[in-house]
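# Remarks on the overall topology
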Amino acid sequence: MKPVVAVHGGAGQWRVDEQRRNRVLKILADAIVEGLHAAERGSALDAVVAAVEYMERSGVFNAGYGSVYAIDGRIYMDAGVMDGRVKKAGAVAAVDGVKSAVRLARYVLENTDHVIISGEGAKLLAARAGLLDHSHKFYTEEKNKRFYEVLQEARHGRWYYKKLIEFVGDTVGAVAVDRDGNVAAATSTGGVWLKWPGRIGDSPIPGAGFWAENGVGAFSATGVGEVIIMSALSLRARDELLKTGDVATALETVVRRVTEIYGPDTVGIIGIDSRGSPAYAYNTKGMARGWGKGGEIYVDI
């Protein structure tokens, strides 16, 4: 089997000009290539971590260096990974000042007996793993300006929950199958603008923001975290795939059900089955996504 890697860069409005659109598509394509190279050298888990870390480092998405600000003007990141071969997950939540939240999530998976570690405990692990970053790369003039704009909107009563989807897009994720048929999933985010410090979204929650299971498939979700958590979106996608045997149908079904309950502009999800067939579905205006196999790469918004 040839390795297959699929990625997303978030579901949302995606109101971007041509220059930003081209930049986003290039980073998606490059992340897929990073994932495929990692899969060729190693495993599906290597692939999803490499792809997500590449997007975290780009600063373009709402993850890693591109993470948005909480209401206190700080950045708190969430990330989770799952290895379908061993059916184990690792995740970090509400952590700041780390080079790669997804790499730290993998460290939790491989070096602890826990699934999710948050806050200061996650930073202690980051120090052990050599993943602390004390630079100012997370805080930029562009984000500072946007933070004050959003804060003013909130103070004047023009900020409301459904509007969050305009900015919640840009969470990143990846799913992969390697040459041995193993699957893996990873998701990473900076959350949403003006979130309360300590708020945890779906990205570090197995069954919500991600899921991977050999013989079935792998999934990574994006959208309004609270909706994804309450919907158990990735786990429901896994159940639908088992029921229908078709990953595209499974994803379309779970997104339709979420839309019926919580309304549109709430979720998106990518998936891959154990045979390497990728698929996606979303109820927002757009979702940055793509997949690659061998020399073939597809990306779109």
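Procedures and definitions
Residues numbered from 1 in each chain as written. Predicted model: local features only at pLDDT ≥ 70, side-chain atom pairs only at ≥ 80, totals over all residues. Heavy atoms only, no water. Pairing = 2+ DSSP bridges. Helix = DSSP H or I, 4+ residues; strand = E, 2+ residues; numbered from the N terminus. Axes fitted to C-alpha atoms, helices over the stretch in contact; angles between N-to-C directions. Contact = heavy atoms within 4.5 Å.

Here we take up the sheet that holds strand E7 (residues 210–213). Sheets are built from strands paired through backbone hydrogen bonds, the pairs being either parallel or antiparallel. Taking strand neighbours across the sheet as the criterion, the 4 strands line up as E7-E8-E9-E10 in an open arrangement whose pairing is antiparallel. The open sheet terminates on both sides in strands that have one partner only, identified here as E7 and strand E10 (278–282). Adjacent strand axes in the sheet meet at a mean angle of 10 degrees, parallel and antiparallel pairs treated alike. One ladder, built from 7 bridges, connects strand E8 (residues 217–223) with strand E9 (residues 267–273); its direction is antiparallel.

Here the focus is the side chain of Ser 231. Inspection of the secondary structure assignment puts Ser 231 in helix H7 (residues 225–231). Leaving out residues up to four positions away in the same chain, Ser 231 has contacts with Arg 236, Val 258 and Tyr 262.

Next up on the list: the sheet that holds strand E4 (residues 116–118). Taken in spatial order, the 8 strands make up an open sheet running E4-E3-E2-E6-E5-E1-E11-E12, and their pairing is mixed. With one partner strand each, in any of the chains shown, E4 and strand E12 (296–300) form the two edges of the open sheet. Strand-to-strand twist of the sheet, defined as the mean angle between neighbouring strand axes without regard to direction, takes the value 10 degrees. Looking at chain direction, strand E2 (residues 77–83) and strand E3 (residues 88–95) are connected through 6 bridges and run antiparallel. Each bridged residue has a counterpart across the sheet, and for Met 82 the counterpart in E3 is Ala 89. Sitting on the sheet, helix H1 (residues 18–41) is in contact with strand E1 (4–12), strand E11 (286–293) and E12, with an inclination near 145 degrees to E12. Across the sheet, helix H3 (residues 101–111) touches E2, E3, E4 and strand E6 (183–189), and the angle it forms with E3 is around 130 degrees.

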